[in-house]
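Examining the three-dimensional arrangement
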Amino acid sequence: MRRLSVIALLSILLCMALVPGVALAETRTFKVDDQASLLTESERSKLKQDYTKLTEYIDVALATVSKNSSTTEKYASSYMQKTFGSGAAVVFVIDMDNREIYIYSNQAGLATISRADARAITDNIYKLASQGKYYECADAAFSQILTKCEGGRIARPVKHITNLLIAIVLGILVNFFYAVWARSKERSKARVPQGPQGASR
Amino acid sequence: MAFHCMNCNGSMVFDVASQKMRCLHCDSTCDPDDFVFRDESPEAGGQAFVADGEMAVFTCQNCGAELESTEDSLIGFCPYCGGQSMVKRTSDSSEVERIIPFQVSKEQCLELYSDYARHVRYLPRELRDPEYIKKFTGIYMPFYQYDAEFDEVYLTGTKTVEHNRRYDVENTYRIDGTVEESYERGVTFDGSKYLDDEISARVLPFDHSKERPFNPGYLSGFYADATSVPPELYLEDARVRAEEDIVNAMGDELHRTSGISMGSTSSVHTVVTGHHSMLLPMWFLTWRKDDRVAYAVINGESGEVVSDMPLDLRSFAFGCVIISVVLFVIMELLFQPTPMVTSIVSLVAALLMAYGIRLGAKREYEQQVHAYDKGWGGGDGTPVEKEVAKVRRRKRVEAKGAKRVGEVLSIVFFMLFCTMTLGMTIMSSSTGSSLLKLALPMAVLIYAIVVCVRILKWRKYIGRLDPVVAIFVLLATVVLNSAIVLISPVNDGWYYIGDAVCIVGLAVSAVGMLKTYNVSTTRPLPKLFDREEV
C-alpha cells in the first residue's frame, strides 16, 4: 500500500513536470505586428496560415516599424523581450526608419536559428525588401526559417562569394610576400662594401 | 702560352678529382706546379695580342685562327679547334699571387645546383632542365686580399653581477691596451667590375688552407678573369672589415673568459698594410632574358650555391590559385563574412601591397644607383652619379647600425598602424561611429599617396613603369573600396565589384612588382655571358 502511494506520488510529480511543457507548446505563437502597414490584412493572414508549422518549434514574430530612434538590432532585442521573454523565439524585423531588415534570435532561439543562419537568410532576401516586395520578403524569410527548424539546409551564396573573393585577395597577397621573402632571405647573409668611404665605427 | 702535353702535345686540362693536369689525348698526368710552358711568345712565333678597346685580338697557338677575347680575360678558347691559350695582357698591373684550385667538379656542381633548384619556388622551368644546367661554366674570378695591423685597443663592456626582481647590479668596464697582431690576407673583396659585389659577398668564404702559389697550369680547362678594378677601391672597406673582425673576435673571447658583454663603442686602431691578388674558383650558370642576364653561382671550393634567379610568373599564378583554393576551403568551414568585410579585407590587402610595392621599388632604385656595388663607378658627374654618391653616403650611416634599428622600427610602426586602423574599423561596426569608419580608408589612402609620391621620386632612376603603374592601380582600388566602406551601399553587388577591382589591382601590382624584381635579379649582359661550356 505504501509502495502504491509512492508510485502515485511520483506519477503526480511527473505529470506536474510535464504540464508546463505541454502548456508552453500550446502557447507558442506566430505574431504579426505590422506597425508600418507594409502588408495587407490578407497577406498577414496568409503568412500566419502558411507558417503555423513554425510554432511547433519556436515562437515567431514579424515586426515592421516606421519610426525607430535606435538601431534595428536594439529594436529587435527589446521587441523580443517584451513579446516572448526568455523562451526560444525568432523575430523578423523590417525597419523602415533605418531601411534595414533583421532576424533576431534570443539566447534559447540561437540553437535553432544561429546568427550565421540569420545573416544568410537576410542576405538571401534583402533584395525583395529593397524592391518593396515586403510580403514576398517575409514569406521567403519564414520559409527559410522553417527549413532550418526542420533540419534542412539553406542556400548561402553570399558566404561562398565573399569567401571566394577574400580567398583570392589573400591568396595573391600571401603568395606575393612569400615569393619575395623566399628569394630575398638569401641576400641577407652578404657582407658587401658599404660606400666610397666605407663604414666607420 | 698553351697547355700542351709534354708527351704527345695534346691539350691538358686540370682534373678536379686528382688535382692534377691530365692530357685529354694520352691520359698522362702532371702536377700543375711542375707544368712547364713552352716559349710561345709573339717573338717566338706564338700568340700575338693586340688591345683594341675592351676587346683583344690574339692568334690561336694550335690552329693559327685570329680570335677575339675581352681585355680582362686571362684565358682564351678557340672555337675552331677547342685549344686554350693564356692571353697575355698589355698592362698587367696586378700580378696574381695565389690561387685556390677548383675542388668542386662539374658533375658535383650539377648535383649541388639540382638539389638547390628543387627547393627554390617559382624558378623558370628552363633552369630546372638537366640539359640547360649543363651550361655551368668554371671561371676563376679575381679577388683582392688585404693585410691589416692592429695596435691601440679601446674596449667597453658590461657584466651583470647581481640580478633579482627589484634591481640589477651591472659593472661597467673599459679596457685600453695594444694588440700585437697582424691580419694577413684576412679580408677579401672581388676585383672584377663584371661581378656584382653582392653576389661575390654571398659566395664567400673560401677555405684559404687550399690556397696554392699561382701557376697558370691550374687554369687549364677553365676560364679566368684578370682584375679590372684597382685594389685601392676597397682599402677603407678592408680596414673597417678587419676592425670588425678583430673587435668581434675579442668580444667573443672576453665574453667566454670573463662573461663581459662588449659594448658597441669598442674599437681597435687598424691600418691596412698591403694587398694581394688571387684567383678563386666559381661555377657560373647564366640565364638570358632579352638584353639582361641572371646568374647562379657555385663556390668552386665549398660548393655554396648562390642564385639570383627570376620568378616564373606562370608558376606564381599557379601558386596563387593553390593558396586561394586552400584558404577558400578553410574559410568555408570557419567563416561567414559579410560583403562589407570583403571591402575591409581589400583595403588592408591594398595597404600591405602598397608596403610591398614600396619595398620592391626601393630595392630596384638602390640597385639602379649601385648602392651595393662598389666596383661600379661612372665618374661622369651625371645625375645618376650624384644620386649614387647620395645613396652611398646614406648607406654609410646605415652601416653604423641604424639600418637594422630603422628597419625594425619601420616594421613595428607599420604593424601598429595596421592594427590601430583595423581595430578602429571593428569598433566602428559595433558602435556605428562614422568617424571610426573613416579611419581605415583614410589611413590606407594617405599611405598609398605617400608611397606614390616616393615612387614618382625614384621613377627616373628605376627606369621601369611597373612600380608606377602598380601604385596607381592600387590607388584606384583604394579609392573605390574606401568609397564603398564609407557609403555602405545596400546592394551586395557593389562590395563584389570593389573586391573584384581589388583582385585585379593586386594581380596587376604583384605581376608588375615581380617583373621589377625579375629585372633587379638580372644584370646587363657582361662579357662573361659569351663564354661557352668547356
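Notes on the packing of aromatic side chains
Per the counting criterion, the structure on display carries 22 aromatic pairs over all chains. Both rings, one in A:Tyr51 and one in A:Phe142, keep their centres 6.0 Å apart while their planes meet at 45°; by these two values the pair is tilted. Here A:Phe142 lies in helix H5 (residues 134–149) and A:Tyr51 lies in the loop between helix H2 (41–50) and strand S2 (59–65), a separation of 91 residues in the sequence. For the pair formed by A:Tyr51 and A:Phe142, the shared burial category is buried. Ring centres of B:Phe150 and B:Tyr183 lie 5.9 Å apart, and the angle between their planes is 50°; on these two criteria the pair is classed as tilted. Separated by 33 residues along the polypeptide, B:Phe150 in strand S10 (residues 137–163) and B:Tyr183 in strand S12 (residues 182–190) bring together distant segments of the chain. Taking relative accessible area as the criterion, B:Phe150 reaches 6% and is therefore assigned buried.

A closer look at the pattern of salt bridges
All names here are of chain B. Summed over all chains, the structure comprises 19 salt bridges over all chains. Between Asp-115 and Arg-118 there is a salt bridge whose closest N-O contact spans 2.9 Å. A residue pair is termed a helical-turn pair when its members lie 3 or 4 positions apart in one helix, as Asp-115 and Arg-118 do in helix H1 (residues 106–118) at 3 residues. A residue is classified by how much of its surface remains accessible, and Asp-115, at 38% relative accessible area, is partly exposed. On the basis of relative accessible area, Arg-118 is assigned to the exposed category, the value being 57%. Here the residues in one salt-bridge network are Arg-98, Glu-184, Arg-185 and Glu-211, joined through shared partners.

Observations regarding the sheet that holds strand S3 (residues 29–30) of chain B
Residues and elements named next belong to chain B. Strand order in the open sheet formed by 3 strands is S1-S2-S3, with antiparallel pairing between adjacent strands. Of all the strands in the sheet, just strand S1 (12–15) and S3 have a single pairing partner and so form its edges. Direction of pairing for S1 relative to strand S2 (residues 20–23): antiparallel, over a ladder of 4 bridges. Bridged to Phe-14 within S2 is Met-21.

Re the confidence of the model for chain B
All names here are of chain B. In the predicted model, chain B carries a mean pLDDT of 78, and the fraction of residues at 70 or more is 76%. This model gives residues 397–401 a pLDDT under 50, and the stretch forms 5 contacts once residues within four places in sequence are excluded. For this predicted complex, the interface confidence score (ipTM) comes to 0.74, while the overall pTM stands at 0.69.

Details of helix H3 (residues 235–258) of chain B
All names here are of chain B. An ideal rise of 1.5 Å per residue puts 34 Å on 24 residues; H3 measures up with 34 Å between its terminal C-alpha atoms. Three or more residues of H3 are buried, namely Asp-237, Ala-238, Arg-239, Val-240, Arg-241, Ala-242, Glu-243, Asp-245, Ile-246, Val-247, Gly-251 and Leu-254. Of the surrounding secondary structure, the elements contacted by the buried residues of H3 are S10, strand S11 (168–178), S12, strand S15 (261–262) and strand S16 (267–289). Note on H3: the residue one or two positions beyond its end, Gly-259, has a positive phi of about 75°.

Calculation notes
- Residues numbered from 1 in each chain as written.
- Chains lettered and ligands numbered in written order.
- Predicted model: local features only at pLDDT ≥ 70, side-chain atom pairs only at ≥ 80, totals over all residues.
- Heavy atoms only, no water.
- Phe/Tyr/Trp six-rings, centres within 6.5 Å; stacked < 30°, edge-to-face > 60°.
- Helix = DSSP H or I, 4+ residues; strand = E, 2+ residues; numbered from the N terminus.
- Buried < 20%, exposed > 50% of the residue type's maximum accessible area, 1.4 Å probe, protein only.
- Salt bridge = Lys/Arg side-chain N within 4 Å of Asp/Glu carboxyl O.
- Pairing = 2+ DSSP bridges.
- pLDDT = per-residue confidence, 0-100.
- Contact = heavy atoms within 4.5 Å.
- Expected span 1.5 Å × (residues − 1).

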